[in-house]
Amino acid sequence: MTDLALMSLRPAASRAGFRWRSLVGQAWRYGCLVVLLAVIVFPIYWLVLNSLKHQRDFFTGPPIYFTTDLTLSHWQEALGNPLNQKYLLNTAIVTAVSTVLATLAGTLCAYVLARIRLPFRLNRVLLISILIARLFPPVSLAIPYYLLMRQLGLLDTLPALVIAYTGLALPFVTWLMLTFFQDLPREIERAAMVDGCTMFQRFRWIVLPMSLSSMMVTAIFVFMGVWNELLYSLTLTSLSAKTIPVAIASFVGDNALAWGQMSALSIASFVPILLMALTVQRYLVRGITFGAVKG
Amino acid sequence: MASTLRLERITKRFGDFVAVDDVTVDIAPGEFTTLVGPSGCGKTTLLNIAAALERPSTGSIVIDGRDMTEFNARERGIAMVFQSYALYPHLTVRQNLGFPLRVQKVPKAEIARRVNEAADLMEIGHLLNRKPRELSGGQRQRVAIGRAVIRPSTVCLLDEPLSNLDAALRVRVRAELKLLFARMGTTTMFVTHDQSEAMTMSDRVVVLKDGKVQQQGAPLEVYRNPANVFVASFIGSPQMNLLPGQLASDDGRPAVKAGALDLGLSAGLAAAAGARSEIILGIRAEDIATTPFANSSKFSARIELVEHLGNSAIMHYRTADGGRILGMEMRDSGVGTGWSGDVHVNLDAVKLFDSKTTAAL
């Protein structure tokens, strides 16, 4: 992407007199890129390095920025620990289930809100309530959720997290998909009606395939949000339903700071997001432009 | 056997706005009927009502003698071509064509056979594996029509299918479409704002304005005998000359005076005009020329502007009192800008309209 943008920006330097100028210009552009890249890449490099350093190298006077003396022991400890394995699995289950639930339910809500005119200006009322729910700081709902889950006897279970995350993500999904459906040309659905589709067939065969890429984008945002979520996991779980962000945070203990394991686990926890982003990249690029470019 | 469609006393209100006002249209089996009118005249609303995309406020839709008001498009057996073509963007041309059949759960082999048939008919066989976005405007339109004609339908509705094509293509497709529907013999309702499409394609035109039917009839009949001033000005290009005038009598013979024009009236027209004094005079451009007609009257004018159409030319005349009148000359008439002299009016083709109701007399 970046390379392409650069190439199109580069002036057509066919004459020899322009060569120097374009060379300087290029050096300048690449210089900027390198700085930018360093800012973005360095933390990741630091994380990777820390996960491989020996314990003794963590607290040296000037920090060790580069070393070939590496070890996999932190990785073995972090991933070998059955508790951490369980937390990773918890996170995966909770994230997958709530992403699918929130995306599906939110898309259906949005479609109905975009296409059906409810009586008594209910559309407007619902839209505003969704917007308010979306603007609510999540922290203010954490305690109510805690009390609710205690009443339901769901504390420290995966369903508690799934319910909370789906609930939190629903307004977001609905709002995003609603703007998408409002932009979707209605004549296509009218054509489907004339071709004999019921409302569900219309949704299933025409609207759903057309909105797949925006659903993917929405799902990715939900996925990342849920995967990284700390507050609710901290509030609603204590032991068996703990998720990986809580586990990572708890490395900052009272009497020890396990940098190595913490780094290893952090990397292990962002790999799934990276993989997910790579697999749906095709949709992501298309989806980001879905509002701007039609067709 | 083709079906009949009857839109019976249809009214459609949106809040206080009356989009369609007590419209009745009867379409005979196999007839190609065009709803024509300026934008906002209710023609598309009427089409949507026929397609069950909208419900009429009052009135009924009768197909083959059966009241189908409460039925959906599929039950009515309606096929429709949309203005924007409304192809399914995620499906290939093949799947687009087959979609109406797939919804009706037609067996796969049968779908494949009929898709190929429709593709042959529309000459889009080589495009079957493409997606709509890879097609040109004309090709998309063919697919849209193919999708409409692939299944047997009672009535085919066309919503301005030519308006997105460029001018040259539009004239060609116009003729092709007319031939296609004549060959298939499907009952067809066509909506357009372009009077030339209405004139060239239809067996019958229905002229609408402000949700009301102004006139319906064969294109030439509407052209020759417009029911009111609106139809007279809307149908035909160049526009009919419409001049406010007064009825008078020249030595006992009935006549009409409009600016520089002083025309004797036939006995029939004089009788129709009755005791009115104010009148609107309507004369088509082709009935005003520099050469005399069999039964003509003349006035003097100067040619201010000539619009050449190739085989003929539109003459813009300016009379002594500043009035402007359009006439028409064949290619070799030999007159041009700046010419002045006697201009003749074909008295047999003069129309009179009531100055208040604007209805034809």
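Residues numbered from 1 in each chain as written. Chains lettered and ligands numbered in written order. Predicted model: local features only at pLDDT ≥ 70, side-chain atom pairs only at ≥ 80, totals over all residues. Heavy atoms only, no water.

**Let's talk about the UniProt feature "domain: ABC transporter" (unreviewed entry) in chain B**
Feature annotation in UniProt places "domain: ABC transporter" (unreviewed entry) on residues 5–235 of chain B, given in this structure's numbering. Across residues 5–235 of chain B, the secondary structure splits into 38% helix and 26% strand, with the terminal C-alpha atoms separated by 25 Å. (UniProt positions renumbered as here; feature names shortened; annotations may be inferred. Helix = DSSP H or I, 4+ residues; strand = E, 2+ residues; numbered from the N terminus.)

**Quick word on the packing of helix H7 (residues 158–183) of chain A against helix H9 (residues 199–227) of chain A**
Each packed pair of helices is defined by two parameters, the angle between the axes and the distance between the axes. Residue and element names in this part refer to chain A. It is at 10 Å that the axes of H7 and H9 come closest, and there the two elements cross at 135 degrees. Considered as vectors, H7 and H9 are oriented oblique to each other. Remark: the crossing between H7 and H9 carries right-handed chirality. Of H9, the residues touching H7 (which contributes Tyr 165, Ala 169, Phe 172, Val 173, Leu 176, Met 177, Phe 180 and Phe 181) are Phe 203, Val 207, Met 210, Ser 211, Ser 214, Met 215, Thr 218, Phe 221, Val 222 and Val 226. Per-class residue counts for the contact of H7 with H9 are 15 nonpolar, three polar and no charged. (Axes fitted to C-alpha atoms, helices over the stretch in contact; angles between N-to-C directions. Parallel < 35°, antiparallel > 145°, perpendicular 65-115°, else oblique. Left-handed = near helix turned anticlockwise from the far one by under 90°. Contact = heavy atoms within 4.5 Å. Nonpolar A, V, L, I, M, F, W, Y, C, P; charged D, E, K, R; others polar.)

**Digging into the sheet that holds strand S10 (residues 212–217) of chain B**
Residue and element names in this part refer to chain B. Taken together, six strands build an open sheet; the order of strands is S6-S7-S8-S3-S9-S10 and the sheet is mixed. Looking at strand neighbours, the two that pair on one side only are strand S6 (78–81) and S10, the edges of this open sheet. When strand polarity is set aside, the average angle formed by the axes of neighbouring strands in this sheet is 20 degrees. Helix-sheet contacts for helix H1 (residues 43–50) involve strand S3 (32–36), S6, strand S7 (155–159), strand S8 (187–192) and strand S9 (204–209), and the interaxial angle to S8 is about 150 degrees. (Pairing = 2+ DSSP bridges.)

**As for helix H8 (residues 186–194) of chain A**
Here H8 of chain A has its buried residues at Glu 187, Ile 188, Glu 189, Ala 191, Ala 192 and Val 194 of chain A. Looking one or two places after H8 of chain A, you find Gly 196 of chain A, whose phi comes out positive at around 105 degrees. (Buried < 20%, exposed > 50% of the residue type's maximum accessible area, 1.4 Å probe, protein only.)

**Considerations on unusual backbone geometry**
Cis rather than trans, the peptide bond between Ser 237 of chain B and Pro 238 of chain B has omega equal to 0 degrees. Located in the positive-phi region is Asp 156 of chain A, a residue other than glycine, with phi close to 60 degrees. With respect to the secondary-structure elements, Asp 156 of chain A resides in the loop between helix H6 (138–152) and H7. Overall, Asp 156 of chain A belongs to the buried group, its relative accessible area being 16%. Look at Tyr 85 of chain B: it is not a glycine, yet its phi comes out positive at around 75 degrees.

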